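Each chain is listed here by its residues.
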Amino acid sequence: PIVVLRDASLDQHDVVLKIAIKDNGVFKPGYEEFSTRTLHISAQLAKPSNWDAYYMDFMFGAYTPTKHALMIEWTGNLWDDAYVEELNNGDYGYLEYLATWMKEKLEEENQKRLDAGEDILREPDGTPVTFDMF
């Protein structure tokens, strides 16, 4: 077994663990394409691996971890590979509804923040968070 302990450095950096099967004199690796595995370890939100394949950028704009956190907070769903696949295989009208709802929710949240004398929601680089469809 592989045991991964949480380290504070994971808040700032990801770790990639590559595992390879090698010949031990008794067993050989077999098919080369199946003899290695890569494990990404992080304490940060990661873009779902099927986000691009299912054109989520088209519905919600470019992926960002900030946007991902808001999507989780506002819907209560993980927005992981399984949920993105479920959305893609489901009712397209619901997906369009979610995209519009996210955009409206962001506008409401930004207005509340402005009314309270706070800045609008921004990405770490300072650009405003958006849910604009392409």
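Note that the structure is a prediction, hence the values are computed from the model and not measured.

Now for the overall build of the protein. Secondary structure summary: the protein contains 4 helices and 2 strands in total. In the protein, the succession of α and β elements from N to C terminus is β-β-α-α-α-α. For the protein, whose C-alpha radius of gyration is 20 Å, the value lies well above the compact-globule estimate of 14 Å for 134 residues. Its C-alpha atoms give the protein principal-axis dimensions of roughly 70 × 40 × 25 Å. Across the 134 residues that make up the protein, the buried fraction comes to 23%. The contacts in the protein between residues at least 6 apart in sequence include a share of 54% that link residues at least 24 apart. Here the protein has roughly 9,600 Å² of accessible surface; of this, 55% comes from carbon and sulfur atoms. Between the averaged position of the 12 positive side-chain charges in the protein and that of its 25 negative side-chain charges there is a distance of 6 Å.

Caution applies to low-pLDDT parts of the model: their predicted coordinates are not meant to be read in detail. The pLDDT averaged across the protein works out to 93; a share of 99% of its residues lies at or above 70. The element-level mean pLDDT for the protein is lowest in strand β2 (residues 36–41), coming to 89, with helix α2 (residues 65–75) highest at 97.

Another point: the nonpolar core. In terms of nonpolar packing, the biggest core is built from 20 residues, with Trp-51, Phe-60, Met-71, Trp-79, Met-102 and Phe-131 touching the most fellow members. If you list the elements that add at least two residues to this core, you get α1 (56–60), α2, α3 (81–89) and α4 (92–115). Leave out the neighbours within four places in its chain, and Trp-79 touches Pro-48, Trp-51, Phe-60, His-68, Met-71, Ile-72, Val-84, Leu-87, Leu-98 and Met-102.

Calculation criteria
- Residues numbered from 1 in each chain as written.
- Predicted model: local features only at pLDDT ≥ 70, side-chain atom pairs only at ≥ 80, totals over all residues.
- Heavy atoms only, no water.
- Helix = DSSP H or I, 4+ residues; strand = E, 2+ residues; numbered from the N terminus.
- Rg over C-alpha atoms; globule rule 2.2 N^0.38 Å.
- Buried < 20%, exposed > 50% of the residue type's maximum accessible area, 1.4 Å probe, protein only.
- Contact = heavy atoms within 4.5 Å.
- Areas by Shrake-Rupley, 256 points an atom, 1.4 Å probe, with all protein chains shown as cover.
- Lys, Arg positive; Asp, Glu negative; His and termini not counted.
- Charge placed at Lys NZ, Arg CZ, Asp CG, Glu CD.
- pLDDT = per-residue confidence, 0-100.
- Core = buried A, V, L, I, M, F, W, Y, C linked by side-chain atoms within 4.5 Å.

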